[in-house]
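Analysis of the macromolecular model
Each chain is listed here by its residues.
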Amino acid sequence: MKKVLIALDFNPTAQHILEAGYELARSMGAEVTLVHVIADYTYYSSLDYSPILGFDQFSNLGTVQVDTVAQLENAANEYLEHLKTQVGDPSAKILIKDGDAGEAIVEASDNLNVDVIVLGSHSRRGLDKILMGSVAEKVLRKSKKPLFIIPVSEKNKS
């Protein structure tokens, strides 16, 4: 296995997913691509707080104002660049996609010909799952690639 795709959202648990994914990649000597999917711009712009959870942990800006898709993409890129620096891998690639998160992750994994996909499962249940769906479940159903799923919850925040 030579290529690992690590899918990260802006949940504070992303750090946990990143670390577990890098541990797997390092054990295989694999190349890493970090991917974030901007699923629905209107969701980010409707929030009363920073749409990029965890962003204020490293940015001098505190919160991020995202009035355009381009601003959101720039903020996502800055966030992933920061995470890449945290794990000390300047060779890691960054990919920002848009659309349905599950479908975009599967498409990216196919286009990049990765050997394994790393992503978190927030273990949503009930109404949350009905309204938001489960990205991990969708990737599991649609991907032909092996998955390394990290169970995360707010308790796992770094």
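I will try to describe carefully the structure that is included in this document. (Residues numbered from 1 in each chain as written. Predicted model: local features only at pLDDT ≥ 70, side-chain atom pairs only at ≥ 80, totals over all residues. Heavy atoms only, no water.)

With that settled, the discussion passes to the overall build of the protein chain. Along its length, the protein chain carries six helices and five strands. When its helices and strands are written in sequence order, the protein chain yields β-α-β-α-α-β-α-β-α-α-β. The contacts of the protein chain with a sequence gap of at least 6 include a subset with a gap of at least 24, amounting to 73%. Per element, the accessible surface of the protein chain, about 8600 Å² overall, is 49% carbon and sulfur. (Helix = DSSP H or I, 4+ residues; strand = E, 2+ residues; numbered from the N terminus. Contact = heavy atoms within 4.5 Å. Areas by Shrake-Rupley, 256 points an atom, 1.4 Å probe, with all protein chains shown as cover.)

Here the focus is the sheet that holds strand E4 (residues 116-121). Spatial ordering of the open sheet is given by E3-E2-E1-E4-E5, a layout of five strands whose pairing is parallel. Where the open sheet ends on each side, the last strands, each with one partner, are strand E3 (93-98) and strand E5 (147-151). Strand-to-strand, the axes of this sheet are offset by a mean angle of 25°, without reference to chain direction. Pairing of strand E2 (residues 31-38) with E3, which is carried by six bridges, proceeds in the parallel orientation. Bridge pairing in E3 places Val35 opposite Leu95. Where helix H3 (residues 69-86) meets the sheet, it contacts E2 and E3, and its direction lies at approximately 150° from that of E3. Running at roughly 150° to E4, helix H6 (residues 135-142) makes contact with E4 and E5 of the sheet. (Pairing = 2+ DSSP bridges. Axes fitted to C-alpha atoms, helices over the stretch in contact; angles between N-to-C directions.)

A few words now on the pattern of salt bridges. If you walk through the whole model with that rule in mind, you get six salt bridges. In this structure, the salt-bridge partner of Glu31 is Lys93, at a minimum N-O distance of 2.9 Å. Taken as a pair, Glu31 in strand E2 and Lys93 in strand E3 lie far apart in primary sequence, 62 residues in all. For the salt bridge of Glu81 with Lys84, the shortest nitrogen-to-oxygen distance reads 3.5 Å. With Glu81 and Lys84 both in helix H3 and three residues apart, the pair spans about one turn of that helix. (Salt bridge = Lys/Arg side-chain N within 4 Å of Asp/Glu carboxyl O.)

Mapping Leu80 onto the fold places it in helix H3. For Leu80, a relative accessible area of 0% translates into the label buried. Taking the C-alpha atoms as reference points, Leu80 and Leu95, separated by 15 residues in sequence, lie 8.8 Å from one another. When sequence neighbours within four positions are dropped, the list of residues in contact with Leu80 reads Leu8, Leu34, Val35, His36, Ile94, Leu95 and Ile96. (Buried < 20%, exposed > 50% of the residue type's maximum accessible area, 1.4 Å probe, protein only.)

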